[in-house]
Each structure stands twice: as C-alpha cells, then as structure tokens.
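Chains, contacts and geometry: an overview
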Amino acid sequence: MVKKEEVKTILIIGIAGGLAQLTAKKLARKYPGARIVGVDTRGPGKNLNVKNLTFIQIRYTRSSFEALFRNNVFDLVYHLGRIPNTILLIEGLEKKRVKFNVIGTNLILDLCLKFMVKKVVVLSTSYVYGAISDNPVFICEDDPLRASLKYPDLHDVVEMDRISSNWMWKNRDSIKTIILRPCHIVGPNINNTINQYLKSDYVPVPMDFNPMFQFIDEDDMARVLTVGVEKLPTGVYNVAPDEYVSILQAKKIIGSSGFRIPFFLLGSVAGIVRKFGNFMPEYLVDYLKFACLIDNSSMKKYLGKDFFRHDTKKTLKRLSG
Amino acid sequence: MLNEFIKGIKYFKMTTADEKKISSVIRNLKKRYEDNSDPWGLDLGFIEKFYHIMFPLYRKYFQVKVHGKSNVGQKQYMVVSNHSGQIAVDGLLISMAFALEMRNPRMLRAMVERFVSAMPFIGDMMSRYGSVLGERKNCEWLLKRDESVLIFPEGIKGVAKDTKDFYKLKPFTKGFFRLALAHDVDILPVAVVGAEEFYPYVKHFRSLAKLMKLPIFPVTPLFPFLGPLGLLPMPSPVDIYIGKPYTIPKKLSHNAIDSLVDNHIKNIRTDIKSMLKEGLSKRRTSPLFDKLGIDVKRSL
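Only a predicted model underlies this, so the values are computations on that prediction, with no experimental measurement involved.

Before going further, it helps to examine the overall build of chain A. Helix and strand counts for chain A stand at 12 helices and 13 strands. Against the 2.2 N^0.38 benchmark of 20 Å for 321 residues, chain A shows a C-alpha radius of gyration of 19 Å, consistent with a compact globule. A principal-axis box enclosing the C-alpha atoms of chain A has dimensions of 55 × 45 × 40 Å. Across the 321 residues that make up chain A, the buried fraction comes to 61%. Within chain A, contacts between residues separated by at least 24 positions form 77% of all contacts whose residues are at least 6 apart in sequence. Carbon and sulfur atoms provide 52% of the accessible area of chain A, an area that totals close to 13,700 Å². Counting 46 positive and 31 negative side-chain charges, chain A places the centres of these two groups 5 Å from one another.

To continue, consider the interface of chain A and chain B. In this complex, chain A contributes 19 residues to the contact, which on the side of chain B involves 19 residues. Here chain A and chain B share an interface that buries about 1,700 Å² over both sides, 58% of which is from carbon and sulfur atoms. Across the contact surface, chain A and chain B share three salt bridges. For Asp 35 of chain B, the salt bridge identified is with Lys 313 of chain A, shortest N-O distance 2.5 Å. Taken together, chain A and chain B are joined by six residue pairs in polar contact (both at pLDDT 80 or more). Looking at the side of chain A that touches chain B, its residues break down into 10 nonpolar, three polar and six charged.

Another aspect to go through is empty space enclosed by the protein. All names here are of chain A. Using the criterion set out here, one finds one cavity of 30 Å³ or more in the structure. The computed volume of the largest cavity comes to approximately 30 Å³. Taken together, His 184, Met 212, Phe 213, Tyr 287, Cys 292 and Leu 293 make up the full set of residues lining the largest cavity. Grouping the constituent residues of the lining of the largest cavity by class yields five nonpolar, one polar and no charged.

All names here are of chain A. With respect to the helices and strands, Ser 126 occurs in the loop between strand E5 (119-123) and helix H4 (147-150). Along the chain, Ser 126 and Met 116 lie 10 residues apart, while their C-alpha atoms are 29 Å from each other. Excluding residues within four positions of it along the chain, Ser 126 makes contact with Arg 181, Pro 182, Cys 183, Cys 292 and Ile 294.

The next point concerns the sheet that holds strand E1 (residues 9-13) of chain A. Residues and elements named next belong to chain A. One open sheet accounts for seven strands, arranged E3-E2-E1-E4-E5-E6-E11; its pairing is parallel. The sheet terminates laterally at strand E3 (53-57) and strand E11 (235-239), the two strands that pair on one side only. Going from strand to strand, the sheet's axes swing by 15° on average, the running direction of each strand aside. The sheet strands contacting helix H7 (residues 218-231) are strand E4 (76-79), E5, strand E6 (176-182) and E11, and the helix crosses E6 at an angle near 150°.

Moving on: the sheet that holds strand E9 (residues 239-242) of chain B. All names here are of chain B. Sheet architecture is open: seven strands sit in the order E1-E9-E6-E2-E5-E3-E4, paired in mixed fashion. With partners counted over all chains shown, the strands left at the sheet margins are strand E1 (65-67) and strand E4 (132-133), one partner each. Two elements, strand E2 (residues 78-81) and strand E6 (residues 187-193), share four bridges in a ladder whose sense is parallel. Bridge pairing links Ser 81 to Val 190 in E6.

A few words on the environment of Phe 172 of chain B. All names here are of chain B. Assignment of secondary structure puts Phe 172 in the loop between helix H8 (156-159) and helix H9 (175-183). A relative accessible area of 11% places Phe 172 in the buried class. The contact partners of Phe 172, leaving out residues within four places of it in the chain, are Val 80, Pro 153, Glu 154, Ile 265, Arg 269 and Ile 272.

Residue and element names in this part refer to chain A. Overall, the coordinates contain zero disulfides over all chains when judged by the stated rule. The structure places no disulfide on Cys 292, whose sulfur is separated from the nearest cysteine sulfur, that of Cys 183, by 10 Å. The class of Cys 292 is buried, set by a relative accessible area of 11%.

Residues and elements named next belong to chain B. With five of five residues buried, strand E3 (residues 108-112) lies mostly within the body of the structure. With burial as the criterion, each face of E3 is covered, one bearing Leu 108, Ala 110 and Val 112 and the other bearing Arg 109 and Met 111. Across three bridges, the pairing between E3 and strand E5 (residues 148-151) is parallel. Residue pairing in the sheet places Leu 108 in a bridge with Ser 148 of E5. Across two bridges, the pairing between E3 and E4 is parallel. Along E4, the bridge assignment pairs Met 111 with Val 132.

Rules behind the numbers
Residues numbered from 1 in each chain as written. Chains lettered and ligands numbered in written order. Predicted model: local features only at pLDDT ≥ 70, side-chain atom pairs only at ≥ 80, totals over all residues. Heavy atoms only, no water. Helix = DSSP H or I, 4+ residues; strand = E, 2+ residues; numbered from the N terminus. Rg over C-alpha atoms; globule rule 2.2 N^0.38 Å. Buried < 20%, exposed > 50% of the residue type's maximum accessible area, 1.4 Å probe, protein only. Contact = heavy atoms within 4.5 Å. Areas by Shrake-Rupley, 256 points an atom, 1.4 Å probe, with all protein chains shown as cover. Lys, Arg positive; Asp, Glu negative; His and termini not counted. Charge placed at Lys NZ, Arg CZ, Asp CG, Glu CD. Buried area = accessible area lost by both parts, 1.4 Å probe. Salt bridge = Lys/Arg side-chain N within 4 Å of Asp/Glu carboxyl O. Polar contact = N/O pair within 3.5 Å; in protein donor to acceptor, adjacent residues only side chain to side chain. Nonpolar A, V, L, I, M, F, W, Y, C, P; charged D, E, K, R; others polar. 1 Å grid on protein atoms, 1.4 Å probe; cavity = no way out; pocket = protein on both sides within 12 Å on 5 of 7 lines; lining within 4 Å. Points joined across faces, edges and corners; volume = space filled by probe spheres on them. Pairing = 2+ DSSP bridges. Axes fitted to C-alpha atoms, helices over the stretch in contact; angles between N-to-C directions. Disulfide = S-S within 2.5 Å.

Right, here's the structure in full:
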C-alpha cells in the first residue's frame, strides 16, 4: 500500500474530462500536501478549479509524455485519458484515437515503470465485454472480452484493456496497478455516450426489448478512483453498484422520451440520428437488446458492501431537466 | 352466436377467489424481490397482470391438474421436466403451478434457449415473467441466490417432436446434474402429460428449418397455413405430476467422471418416464378431441 505521506505528486491524464476533474478535487482533499499535474489535449474547461493542480495542455505524443515523466517524479498516475469514440464525429481523428488508446497506453505504462511510479490506475470500461446474446448475468473480470469481435468501434478499447492487463501481471512485483472496468457512469458532469442517449428525446428506443443496466454515479466513481484504489490490491475490477434498472425505466426516471420503434429498425434509425449530430454509436444498439451486467463481488470484497453512497434512481433523477 | 360468444368470454373471466389468490401470491413474492424486479428482468407488476389473463386459461382452457403437491417442500429446488408441446407452453404451466398452487409460492426460473431470448417482444416478455437465458453461469447465479430453477434437459429436441415421437423422452444432457451437485440442490422430477396434444398432428421439417436459420419448423394442420393463429394451442387438458425429490449424493463431486453421474441422470429420467406412463394411463381427454376423433391414449 502507498502511504498517504509518500504521495507527493500525482499525474492525471485526461484532466479535461468531467470524471477526471471530480477525481482531482477529491485527490486534492485527500492529499492536501501533494501536487497534482493534470494533462490533456483539450483546454482545461471552465470548472477546473482545484487546489494544487497544475494544468498542462499537451499533445498525446511520445516526446511530450517522456518530457512529462522526466521533469516530474510521480507517485500516482491516473490514466483516465481514453479517447472515446464520440470523437469519431470529428473526421480524421479516428486513427489518432486508436493510436493513443493503444500505443499511447503502452507508452504511459512503460514510462510509469521506467520512472518508478508507485501506483498506476487505468480506467477501462465494462463495454469491453460486449453486449452479446449469450452474456450471463453477471459477467466476471475473468470472462472473455468479446466486444471487439462484434464492434470495430470498440477494438481500441478492448486492446487498451488487454495491453494494460498483460502489462499489469508482467510487472506486478515492481509496480502496483489497478484496472477498473466501470459500468455506465452517469452524472451531470459526464458527457459520455450513455448520458447523451439517456437525456435525449431524439433517439430511438426499442419497443420489443428492455434490458437491465447498471449505472454508477459520477461521485461514487470518483470515490472508487480515490479512496477505493487505496484498498484494492493489484488486479482488474468491475465497478458497479448492486442496483439495476431497465433502459426504459431509466429514461422514464430522467423524463426523456425517445421514439419507440421495433428493434430491427433500430440500427438504421440510429444511423439517421447520427447524421443529425445526435451521437449514437453502432455498438450501443446491441446494448439496447442484450443485457451486459457485471459482477461486482471482487470489488466489494475489498471496499465493503456499503461503499457506494448514491442510489441509482436518485442519480438518474439528477440528470433530468 | 353472439350469446355463445359472450358466454365464452364470461367462462374465462376471473373469479373473486382467483383474484384474491393472485394478490396473495404477488404479495408473497414481493417479499422476495426487492423493487419488484431482479437483474434478469423479472417484473412482478407484469407477472400480476399476466396472471390475471392466464390464470382463467390455466384453469379452464388447459384444465391444469397438479399431482404430488405434497412432494414440494419450503426450499430451493432444481425442477427437471420432460419437454413437449412445440412452443414450450409446458414451462409456463409448470411455473404457474409452482407460483399459484403451492402453499409456499415460488417463481420457477425457467432456463430458455438463446433464440427465445433474442426474439422480439417474446424475449422481453419471457424475461419479465422470470425466464432466464439457459447459460451455465446464469443458472449458478440463480442457485446462489436461493432461486428455484426449471430445466428441460431434453433441450430443443424435447419440445420439437413429431406425432410419432410424442412422450418419448430424448436423451438428457448432463450439465443440470453437475450444477445440482455443485450447489447441493435437490432435484424435483416433473412430468407433464397433455401438452403434446396442443398440436395433435405435427411434422418437423428439419432441413427447411436449417435453410431458414430457424431452430425448428413444425407443420401442423393449422400452421403455417393460418399464420400466427395456427400457433394457438388446442384445449388439451394438462396434468402435472411432481415426483419425490431426488436427493443429491453428498459425496459425489460435481467434477466426477461421466459414468458416476450417468447413473443418477438415468434414475431421474426413469422417475419422469414412470410418471409419464402413469399419467398417460389416466389421460384426460377434451370434448373437442372426441368430436375430432383424436385419440390421446397414446402409449410410451
């Protein structure tokens, strides 16, 4: 375990993201004497007001990361900078996204080892399991990552997870690494695919399927990243609360409608919706048919049963309006 | 004609006693399922509405009779049954019997084929009714949660029989017994008599099913000629026989070699076979079958 007083400098990659900023705030409170360095390709945003945080806008390239690690001594590194495929909307960035998520992750991990970082936290996602017709309820950490078999869009996400996992086990004696695969993170500060889908009235909703979903509040997720990772030993962890709601119920709680159509039309309508700028990736369509619920027992073993503070339905309610 | 139609509607109307029974069962089930649902999609609100439609049909259309209720204790079981009737109405009737006819109502979690879960509307309705994709891990999770599961070890081959094969048990798969061993859950053998006659004459076109990428393609005098209407089951009276619980051997490992497991599976199969034999000898018939000259007194 890394002692509190040993943490002097923390690196957060992807600090412009809502979850990263929440995490930074919590880290600043947890380690008041530590310096936090937040990097991103994007600007800092309006709300990045964290004590002891230095924001550096960098290009995600080998040279900029090497310079970053050479000029700082990091005790904790948070890799929260996975570029989501919503970026596909911006033409020409697809290759860069894949390059950063896959090759960039490998580089960051190697630099952590080279510059003797004490602990690395990688934020992956439960999307890596894929929404497959024979998914069991619940999917464990050891289950195969099948998303890339079906969705090319998620290939880089799966590859990033695999690279991190292999690297973690290979270097488990030298560096403590935690890989988190959270369920759908929701909250007013998060702007991921599922948040956009849940809040939008102009998205297709299946009338003949209604799978169960797990949602984690952004604040709970930030707590896992700060308080939680302190208690977790090296390993891969699914992160999800015990609660679950169906997709229709979730939209109902939020108060967004969407238009109900049979599932066989969903893919085509999602394609039309995409053209109007309302992002609905192809892979999301299957998540609206087959449940992809994850098993949280490994995480609960270390964090306890009552770690999460937020009720899923109340969290969804906060998204309304 | 109109009068007869109204009479028919009234015949299938819920009685006050039925309504009270359903309310009491749902109240009981609510204690078990927080928030009226579970991760597999069970929806008690839906089940309550569904029972309001189905219970009169269960009693008056299918005239279900349950034998051997005293064999069911207040505990978790793996219910293992023969499969019949082309569209798996037997599973629905067994689960209704365990929810509505037992002193301690339980929702049996029927393990269903993958193609059923992926069917529009039907997959969703089955999940809401408590059915679960027949995948080993799902079954394990359910057993860990003290749920009772309903398994048809004949699989799809059991439900899709030609008329000449009615009530002839297909070979049982072994997975269910190993799961019962691993979780130390007693097996309750069940035999359903009457469901095969939902479609008295059936011929399966297996190569056509393969060509159309369907799991089965039954042809009956009414299906596919009348479209979905042809799928409506005939009013064949159904008898559900519940056998004595098959106690799981304590010393046998769930990883034991096949030959050790085979004997037990054979015993369970024999139990079901003898219940089927007994059921067929006491087979009830319906006035409609008599009129149509359909002989339901078939032998094993």
